[in-house]
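One letter stands for each residue in the lines below.
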Amino acid sequence: AELALKLEQAIEKNQLSLYMQPQMAMPSRTLIGAEALLRWHCDGEFISLAEFIPVAEQTGLILAIGDWVLEQACLMTAEYRRLGLVDLVVAINISPRQFLQSDFTARVEQLLNQYQVPPSAIELEITESTIMDNEQTGILVLNQLKSLGVSLAIDDFGTGYSSLAYLKQFPVDKLKIDRSFVRNIEHNLDDQAIVLSLCQMAKNLKLSVLAEGIETEPQLDILAQYDCDAIQGYWFSRPLKHEDFVRFSEKMC
Ligand code: G
Ligand code: G
Ligand code: MN
Ligand code: NA
């Protein structure tokens, strides 16, 4: 309850920020995008998302927070474009409750207009379970967002229970392979088999595929062999605060 109270004031007190984790294309290793990751700095320390996101979901505060994230991400995307990073796509995590708000697509459209950001410059990350728990509405909202022109990615792919038969009904552009499959991939033949099949399936369904949580060169080499389109992880960069991300991107160009 105390946490909920503090969280309620986090936005006004300016305690939230978005870090950006670079995403690179394979095999060129060029910077193509960044995932916006929320950070809450409170009383001199960072509070982990694992701790406060569930509270935010339960109390409904996630709607205000999600809206702040969406606006901040659009603002930052506009700023990157001003700095010449016009091909960069900023990926934004969308919570289940946020995704199911009846005016969600309208809100996204309004913010894109307000900040003069083309829809193709942002990507919305939605988990499998968000869609599958609300199948009818989910597919409807995905289609609305698709018509708007934003890119759509399924986050944590492989951890949910969506059957492959459903996947073809989702108008999505990208699968993000969950990092639990990558963590031990150098040593684990099962993980290799799973990730290889996910990459091949994505290719056959004409979806782009990104692997998360790449921490080592051997992991990167395996994903390159599998023809994975893009990677994200500590090997390339940790999530960076705005200024550091800008510096990072300048170094990459
Ligand atoms: O960056 P980190 O490891 O702390 O993220 C932990 C989890 O929190 C991840 O599953 C990520 O998807 C989620 N997350 C990060 N940023 C946001 C955000 O802005 N909104 C929502 N809803 N979830 C986020
Ligand atoms: O669930 P989602 O994919 O949105 O979560 C992304 C989370 O993964 C963030 O919390 C981010 O900080 C974390 N992350 C990103 N790259 C790596 C990595 O290489 N290793 C580990 N352990 N975590 C990572
Ligand atoms: Mn994500
Ligand atoms: Na993930």
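The written sequence of each chain sets the order in which its residues are numbered from 1. Just so you know, chain letters begin at A and ligand numbers begin at 1, following the order they were written in. Reporting of local features is limited, given that this is a predicted model, to residues whose pLDDT is at least 70; pairs of side-chain atoms are given and counted only at 80 or more, and all residues count toward the totals for whole chains, interfaces and linings.

Novice: So what about the site of ligand 1? Which residues, and what values?
Specialist: Taken together, Leu37, Leu38, Leu49, Ile53, Gly66, Val69, Asn93, Ser95 and Pro239 make up all the residues around ligand 1. If you list the elements that add at least two residues to the shell around ligand 1, you get strand 2 (31–42), helix 2 (49–59) and helix 3 (61–82). As a rule, any residue with its backbone-derived C-beta atom within 6 Å of a molecule or strand is reported as near that molecule or strand. A run of DSSP states H or I qualifies as a helix once it reaches four residues; a run of E qualifies as a strand once it reaches two. Both are numbered from the N-terminal end.

Novice: Talk me through the nonpolar core; I want residue IDs and the actual numbers.
Specialist: Membership of the largest hydrophobic core comes to 67 residues, with the highest contact counts inside it found for Ala73, Val90, Ile92, Ile177 and Ile231. Looking at which element gives the most residues to this core, the answer is helix 3, with eight residues. Structurally, a nonpolar core is described as a collection of buried Ala, Val, Leu, Ile, Met, Phe, Trp, Tyr and Cys residues joined by way of C-beta atoms within 7 Å. Working definition of burial: number of other C-beta atoms within 10 Å of the residue's own, with buried at 20 or more, exposed at 12 or fewer, and partly exposed in between, all C-beta atoms being placed from the backbone.

Novice: Account for unusual backbone geometry, with residues named and values stated.
Specialist: Along the chain, Met26 connects to Pro27 via a cis peptide bond; the corresponding omega equals 0°. Residue position: Pro27 is located in the loop between strand 1 (16–25) and strand 2. With a phi close to 60°, Arg29 is a non-glycine residue in the positive phi region. Structurally, Arg29 is set in the loop between strand 1 and strand 2. Phi is positive for Asp227, close to 70°, though the residue is something other than glycine.

Novice: Before we move on, can you summarise the confidence of the model for the protein with the specific residues and values?
Specialist: What pLDDT conveys is the predictor's confidence in a given residue, as a value from 0 to 100. Looking at the protein, pLDDT values average 95 and 99% of them are 70 or higher. Overall fold confidence for the complex sits at a pTM of 0.97, while the interface term, ipTM, reaches 0.96.

Novice: Residues and numbers for the packing of helix 3 against helix 5 (residues 104–114), please.
Specialist: Orientation is described by lines fitted to C-alpha atoms, with helices fitted over the stretch in contact, and by angles between N-to-C directions that extend from 0 to 180 degrees. The interhelical angle for the contact between helix 3 and helix 5, taken along N-to-C directions, is 30°, at an axis separation of 9 Å. Between helix 3 and helix 5, the interaxial angle falls into the category roughly parallel. Seen from above, helix 3 lies across helix 5 with right-handed handedness. Mapping the contact onto sequence places Leu70, Glu71 and Cys74 in helix 3 and Val108, Leu111 and Leu112 in helix 5. Along the lines of polarity and charge, the residues of the contact of helix 3 with helix 5 split into five nonpolar, no polar and one charged. Angles are sorted into four bins: roughly parallel if under 35 degrees, roughly antiparallel if over 145, roughly perpendicular if 65 to 115, and oblique for all others. When the near helix sits turned anticlockwise from the far one by under a right angle, the crossing is termed left-handed; a clockwise turn instead gives a right-handed crossing. Contact criterion: two residues are in contact if their C-beta atoms, reconstructed from the backbone, are within 7 Å. Charged residues are taken to be Asp, Glu, Lys and Arg, nonpolar residues to be Ala, Val, Leu, Ile, Met, Phe, Trp, Tyr, Cys and Pro, and polar residues to be all remaining types, Gly included.

Novice: Please give an account of the pairing of strand 1 that cites residues and values.
Specialist: Pairing between strands requires that DSSP locate at least two bridges from one strand to the other. Sheet topology note: the strand 1/strand 2 ladder contains nine bridges and is antiparallel. Each residue of the ladder has a partner; that of Pro22, found in strand 2, is Ala34. Taking the residues between adjacent antiparallel strands as the criterion, strand 1 and strand 2 are bridged by five residues, where Arg29 takes a positive phi near 60°. In this sheet, strand 9 (residues 230–232) lies alongside strand 1 in antiparallel orientation, the contact comprising three bridges.

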